[in-house]
Amino acid sequence: MEKLIIDGGTPLKGRVKISGSKNAALPILAATVVYPNKYSLNNIPDIQDVRTMLELLKILGAKYTFKDNKVVINTINIKKHEAPYDLVKTMRASVLIWGALLSRLGRAKISFPGGCAIGDRPVDQHLAGFESIGYKTIVKSGYLESISEGPVGGNFKFKVKTVTGTENLILASILGKQKTILENCSLEPEVDDLINFLNSLGGQIVRKKEKVIVTPVTELKKQKKIYKVIPDRIEAGTFMYLGCIFPNKITVTNAKVEDLKEVISTIRLMGAKVETEKASIKITPPKAIQPIQVQTKPFPGFPTDLQAQLMAVLIFAKGVSKIQENVFPNRFIHVAELRKLGANISIKENTAKIIGVNGLAGAKIQASDLRASAGLILSALSSKGKTEIFRIYHLDRGYERIDDKLKLIGAKIWREKE
Ligand code: EPU
């Protein structure tokens, strides 16, 4: 296992190119299972979660190449309908194979994804949705086994907004027999990227705000041109927050500005300057970071996936800030680690109170999940002296070469064997 060492306190500046979106790439890769064909995808981040998804597709019978952020995948020989425990347990997004396999083979058996470090992550809405459109599921020996019963299609209203739930229902209904109308769907841009990909293959999916209408098609067409996945708004946000901490400017390039409105608004409220031009966003830090109050919410609200990184900025605010976590109940595990660096943060129920401090000092800390790791890196970079971050495999699941990108803007960061 590797650990990350950061010699903090060095001001960072420069340009950072944002990679393709993890949470758009994963459902799009799963979508290649739906119909037997050959697909080319571009801007796919080279991260562990993508590698895991590709491995899963290979086990099901697909063949692929993955080089220079381009995936070419042939799903013609997919015949297996079972996603094994060993892979599903390492990545919650494997759950997307469920809907894709149902469309392709009319049946799917996936290991129960269960909980993870950021809390209990149920799949009741996926299950109820599948039931409403004609798939019956039994839970047996830790596996969810679903099978189609009669013509696929129908109406379903999500009780809670769920990103992968919305994606799974779209995947499971696209080749159905009757129209499917989904209500209270997630508005995340990654859902739209999946819809755009499927529609580029002849799918007939219309989104009207929180309603998604799927008119089934009998086949998906051959791909005419390579599909480019959207930029990762969470990676962009991570570097934008980094730009608020140091006295120099940081610019992110290859970003999608319209997906980052809420993030930009928090940065402006903290007193930083944000200048946008096409796909680049320049952050000029404030003289003094202003304290703010933020609540995480489904898109277009403030993303839970940037909560830990925003906290890393508010640690230095001139006053008291609050972050309320409304999406995942248990997503403050990083707080205990931030305290080791000298942060003054207390938690009451789902709200973190952050009292600004003047500086942090390096320590040995441990990453607990992907986004928490990013928050810890931001704090380690702004701490005086050396910080060692353990369990960084969480980070490698979702950030493409983050240490290399940080080195390019001046960070003293390297890996060592634990
Ligand atoms: N929920 C239910 N029942 C369900 C499904 C979800 O109650 O059947 C609840 C969850 O417990 C949670 C809320 O609904 O409280 C939202 O969860 P959601 O299903 O939207 O999360 P997800 O689809 O499992 C995706 C991202 C996460 C991101 C969340 C929220 C992917 C592959 N993952 O997860 O990304 O945090 O949406 O935006 O798209 C990450 O990238 O680090 C990450 C965790």
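Residues numbered from 1 in each chain as written. Predicted model: local features only at pLDDT ≥ 70, side-chain atom pairs only at ≥ 80, totals over all residues. Heavy atoms only, no water.

(A) Quick peek at the overall build of the chain. From N to C terminus, the chain includes 14 helices and 25 strands. The C-alpha radius of gyration computed for the chain amounts to 21 Å, which stays within 12% of the reference 22 Å derived for 418 residues, consistent with globular compactness. The C-alpha extent of the chain, read off along each of the three principal axes, is 65 × 40 × 40 Å. Counting over 418 residues, the chain shows a buried share of 57%. At a minimum sequence separation of 6, the contacts of the chain that also span at least 24 residues come to 73%. Put simply, the chain shows about 17,300 Å² of open surface, and 49% of that area lies on carbon and sulfur atoms. Each charge class in the chain can be summarised by its mean position, and for the 64 positive and 40 negative side chains these summaries are 3 Å apart. (Helix = DSSP H or I, 4+ residues; strand = E, 2+ residues; numbered from the N terminus. Rg over C-alpha atoms; globule rule 2.2 N^0.38 Å. Buried < 20%, exposed > 50% of the residue type's maximum accessible area, 1.4 Å probe, protein only. Contact = heavy atoms within 4.5 Å. Areas by Shrake-Rupley, 256 points an atom, 1.4 Å probe, with all protein chains shown as cover. Lys, Arg positive; Asp, Glu negative; His and termini not counted. Charge placed at Lys NZ, Arg CZ, Asp CG, Glu CD.)

(B) Summary view of the packing of aromatic side chains. Applying the stated criterion to the full structure yields 5 aromatic pairs. For the pair Phe 156 and Phe 158, a centre-to-centre distance of 5.0 Å together with 85 degrees between the ring planes defines the contact as edge-to-face. You can call Phe 156 buried: its relative accessible area is 9%. When its relative accessible area of 1% is taken as the criterion, Phe 158 is described as buried. Three or more aromatic residues joined by ring pairs form one cluster here, namely Tyr 39, Phe 197 and Tyr 227. The ring of Tyr 143 carries the charged tip of Lys 109 above its face, separated from the ring centre by 5.0 Å. (Phe/Tyr/Trp six-rings, centres within 6.5 Å; stacked < 30°, edge-to-face > 60°. Lys NZ or Arg CZ within 6 Å of the ring centre and 35° of its normal.)

(C) Here's a closer look at the domain arrangement of the chain. According to the domain assignment, the chain contains domain 1 (2-19 + 231-417) and domain 2 (22-228). In this assembly, 24 residues from domain 1 lie in contact with 20 residues from domain 2. Across the domain 1/domain 2 interface, buried area totals approximately 1,700 Å², and carbon plus sulfur atoms make up 52% of it. Area buried by domain 1 at its contact with domain 2 is led by Phe 299, Arg 397 and Glu 400, which between them contribute 33% of it. Inspection of the domain 1/domain 2 interface yields 2 salt bridges. (Domains from an automatic or database assignment. Buried area = accessible area lost by both parts, 1.4 Å probe. Salt bridge = Lys/Arg side-chain N within 4 Å of Asp/Glu carboxyl O.)

(D) How the structure looks around the nonpolar core. If you look at the biggest cluster of nonpolar residues, it comprises 70 residues, and the most contacted ones within it are Met 240, Tyr 241, Leu 242, Ile 267, Met 270, Ile 389 and Leu 406. The leading source of residues in this core is helix H8 (residues 233-245), at 8 residues. What Leu 406 contacts, discounting residues up to four positions off in sequence, is Phe 239, Leu 242, Ile 377, Leu 381, Ala 411 and Ile 413. Judged by nonpolar contacts, the second largest core, of 68 residues, contains Val 71, Trp 98, Ala 108 and Ala 172. (Core = buried A, V, L, I, M, F, W, Y, C linked by side-chain atoms within 4.5 Å.)

(E) Up close: the environment of Met 91. Locating Met 91 in the fold gives a position in the loop between helix H3 (85-88) and helix H4 (96-105). Given a relative accessible area of 1%, Met 91 falls into the buried group. As a C-alpha pair, Met 91 and Gln 48 span 43 residues in sequence and 9.4 Å in three-dimensional space. Other than its neighbours up to four places away in sequence, Met 91 contacts Leu 26, Asp 49, Thr 52 and Met 53.

(F) Main features of the pattern of salt bridges. A complete count under the given rule lists 16 salt bridges for this structure. When the shortest N-O distance is used, the salt bridge between Glu 2 and Arg 415 registers 3.1 Å. Here Glu 2, found in strand E1 (residues 2-8), pairs with Arg 415, found in strand E25 (residues 412-417); they are 413 residues apart in sequence, far enough to count as distant. For Glu 2, a relative accessible area of 32% gives the class partly exposed. The class for Arg 415 is partly exposed, based on a relative accessible area of 25%.

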